[in-house]
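The residues making up each chain are set out below.
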Amino acid sequence: MLEDQVAFLLQRYLGNYVRGLNKEALKISVWNGDVELKNMQLQPEALNALKLPVKVKAGFLGSVKLKVPWSRLGQDPVLVYLDGIFLLAEPATQVKGRTEDAVQEAKKKRVREMEMKLLERAQQFKLEVNKSWMGSLINTIIGNLKLSISDIHIRYEDLESNPGHPFAAGITLGKLLAMTVDDSGKESFVTGVSLECIKKAVELDQLALYLDSDTSPWHLDKPWEDLLPSEWGQVFRFGTKDGRPADGFMKIHSYLLQPVTGHAKYSKVQPKEPANSGQPLQKATVNLDDVTICLSKDGYRDMLKLADNFAAFNQRLKYAHYRPLESVKSNSRAWWKYAYKVISDQIKRASGKLSWEQVLRYASLRKRYIPLYASLLKSDPNRATVDDNKEIEEMDHELDMELILQWRMLAHKFVKQSLESDLYSMKQKAKKSWWSFGRNTQGVRGESESEQFNFSDEDWEQLNKLIGYKEGDMEQSVIISEKADTLHTYLEVHMKHNASKLVDHGGRECVAELSCDDLDCFIKLYPETKVFDMKLGSYRLSSPSGLLAESATAFDSLVGVFRYKPFDAKVDWSMFAKASPCYMTYLKDSIDAIIEFFESNSAVSQKVALETAAAVQVLFNHACPDTWWVTCSK
């Protein structure tokens, strides 16, 4: 049973990313407890989940190893190793005209994805304690999972965003290791009651981001699919030369984020009752040695051009169903009609006005839509969405996605309340039934599980003790009501040293550098309240001409606290800031060089500027619709 589940999950997730996955061989490997997949090609759809206008040009997965100790499951950890993941991506911003049927199918898929995301987000506001036997076993396996990821390189090459100035961006990772540890930080295996508080240790090595401007894309004389495994590593380490993998570094990367090394600790508790406001349900502490961000003038130019290109793509995609299938030369009249329809639609959406006929029509559709969708959901509680009903599809055809999602979420809420009411009634009836006086040891696990595992009662008792499961806990699975001061997540980030640099002339000249020591950030997430706390030890702003600013103290030179919906004040948000004395020097040449750095690349499209301004306005309107409050001290 568990073997089938593991094989199914591997097929489901790996199958979407790699080619030629042998399902039968994979299932046999899972049954043997040792899965090893080597030298697999990645599919072009591997980046579709990012929802970005990019596609996979070439991809390679060096090794995937999964070790499942079936004979000692619940006593030894499950080991997962990923090594040698190489992926090369390129833009996919060309939009072709689409038929109305294709547009409706894409709309249907998009609505389904957004509906699932909204449902997942709604579940985060309530904590469900999973006390089933299978849930306890899975918690034991996941709680002791050991993960190792090494040698990752994902590269994006762009020839179209900034014509005449091709660039490449990428992310590299040396190694990431995560394991279960005890209170002293040593690797351990937890079972039973210890699973109520899981502790993980994470080690990060050589995480970096780069942006190479004015660089030619990699080129090979033979297809990427014909590369040998060793050649894949050679290309993604050194690049290409004369159509072949290079033997040495052709060009040193221009790093946006220079290689970062650090470690982290993570802990999570399983609440049995409403959590204490002082103890977080999950806590993470991240320690980073040195974090340096470096932005070049050419890199800044390429980033603006990339944002402009993506914004234009989103605009074209939005009106793809109006876009003619013919070229401009062959049918210019159709393209003028296309421009008229797009502008008319934009004016209509901007006005936000509806006629009385439209209001009555939407009211009638709402009266039909919500009860019908709710009844379809309730008829089959196992499915999360409904996308196979003709009447629903006909109504969706004339509705906007925002309205469809709003009505569907109302239907989900109605169904949830109805099912909770039915479940409560069933439990009340069960308490009065004579069946509740009998002891059924197979009721939770099921007869099929007992037959498949062929365990005796003593074996089951020992296994249940190991995974922390108790008979009868299934009936005690409840949804815990949260208090406003329940601390969900507590995150600490400590940086010994971090710096931000502006460089010019291919990274050879430094325009300005901000260097900081002992930066500490603290984030607290409650059901509604969000708190961000920051402390900075010391800072120093310098330029080639001299020192521009420097803190007078080596600790708490800058302290700030931002609270969204604070407990102690009837405001939407509050901010407190405290700055210690500092020394400043006005150097005109340095200030002019910093201003010129950003002004020289200010050629950003009106669309990007409007989208950015709209996002900022929505953020502030959401944070403080009526009032705001800021406190500041010297």
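For the structure itself, look to the data block above.
Residues numbered from 1 in each chain as written. Predicted model: local features only at pLDDT ≥ 70, side-chain atom pairs only at ≥ 80, totals over all residues. Heavy atoms only, no water.

### Quick look at the overall build of the protein chain
In step 1: A count of helical and extended segments in the protein chain gives 14 helices and 20 strands.
In step 2: Every one of the 634 residues in the protein chain was classed for burial, and the buried ones make up 37%.
In step 3: A separation of at least 24 residues holds for 69% of the contacts in the protein chain among residues at least 6 apart in sequence.
In step 4: Roughly 38600 Å² of accessible area belongs to the protein chain as shown, and the carbon and sulfur atoms make up 56% of that amount. (Helix = DSSP H or I, 4+ residues; strand = E, 2+ residues; numbered from the N terminus. Buried < 20%, exposed > 50% of the residue type's maximum accessible area, 1.4 Å probe, protein only. Contact = heavy atoms within 4.5 Å. Areas by Shrake-Rupley, 256 points an atom, 1.4 Å probe, with all protein chains shown as cover.)

### Digging into a nonpolar patch on the surface
In step 1: Taken together, the side chains of I154, I171 and L209 define a hydrophobic patch exposed on the protein surface, amounting to about 200 Å² of accessible area.
In step 2: Examined against the element boundaries, I154 turns out to sit in strand β5 (residues 146-158). (Patch = residues over 30% accessible without salt bridge, like charges linked within 9 Å, V, L, I, M, F, W, Y side chains within 5 Å. Salt bridge = Lys/Arg side-chain N within 4 Å of Asp/Glu carboxyl O.)

### Brief notes about the packing of helix α8 (residues 356-379) against helix α9 (residues 390-397)
In step 1: Where α8 meets α9, the axes come as close as 10 Å, and the angle between the chain directions of the two elements is 140°. Taken together, α8 and α9 sit at an angle that is classed as oblique. Along this stretch, α8 crosses α9, giving a crossing that reads as left-handed. Counted together, L365, R368, Y369, L372, Y373 and L376 of α8 and E391, I392, M395 and D396 of α9 form the full contact between these two elements.
In step 2: Here the contact of α8 with α9 is composed, by residue class, of 7 nonpolar, no polar and 3 charged. (Axes fitted to C-alpha atoms, helices over the stretch in contact; angles between N-to-C directions. Parallel < 35°, antiparallel > 145°, perpendicular 65-115°, else oblique. Left-handed = near helix turned anticlockwise from the far one by under 90°. Nonpolar A, V, L, I, M, F, W, Y, C, P; charged D, E, K, R; others polar.)

### A closer look at the nonpolar core
In step 1: By size, the foremost hydrophobic cluster in this structure holds 24 residues, and its most contacted members are M40, L61, L66 and Y156.
In step 2: Counting residues per element, the ones that place at least two in this core are β1 (34-41), β2 (54-67), β3 (79-91), β5, β6 (167-180) and β7 (197-213).
In step 3: For this core, the leading source of residues is β2, giving 5 residues.
In step 4: In this view, Y156 contacts V54, A89, E90, P91, F167, A168, A169, L306 and F310; residues no more than four positions away in its chain are not counted.
In step 5: With 18 residues, the next largest nonpolar core counts L365, Y373, L377 and W407 among its residues. (Core = buried A, V, L, I, M, F, W, Y, C linked by side-chain atoms within 4.5 Å.)

### Notes on the packing of aromatic side chains
In step 1: Taken as a whole and judged by the stated rule, the model has 15 aromatic pairs.
In step 2: With a centroid separation of 6.0 Å and an interplanar angle of 15°, the aromatic rings of Y369 and Y373 are classed as stacked. One end of the pair is Y369 and the other is Y373, both in helix α8 and 4 residues apart, which spans about a single turn.
In step 3: Feature note: the residues F60, F86, W218, W224, W232 and F236 constitute an aromatic cluster, connected by ring pairs.
In step 4: Above the ring of W218, the side-chain terminus of R155 is found at 4.0 Å from the ring centroid. (Phe/Tyr/Trp six-rings, centres within 6.5 Å; stacked < 30°, edge-to-face > 60°. Lys NZ or Arg CZ within 6 Å of the ring centre and 35° of its normal.)

### Observations concerning α9
In step 1: Within the span of α9, buried status applies to I392, M395 and D396. Buried residues of α9 fall within an arc of 100° about the axis and therefore sit on the same side. Structural note: α9 exposes K390 and E394 on the side pointing more than 90 degrees away from its buried face.
In step 2: With a side-chain oxygen positioned 3.1 Å from the backbone nitrogen of E391, the residue opening α9 is N389. (Arc of directions from axis to C-beta. Polar contact = N/O pair within 3.5 Å; in protein donor to acceptor, adjacent residues only side chain to side chain.)

By themselves, these are just geometric observations and shouldn't be taken as functional.
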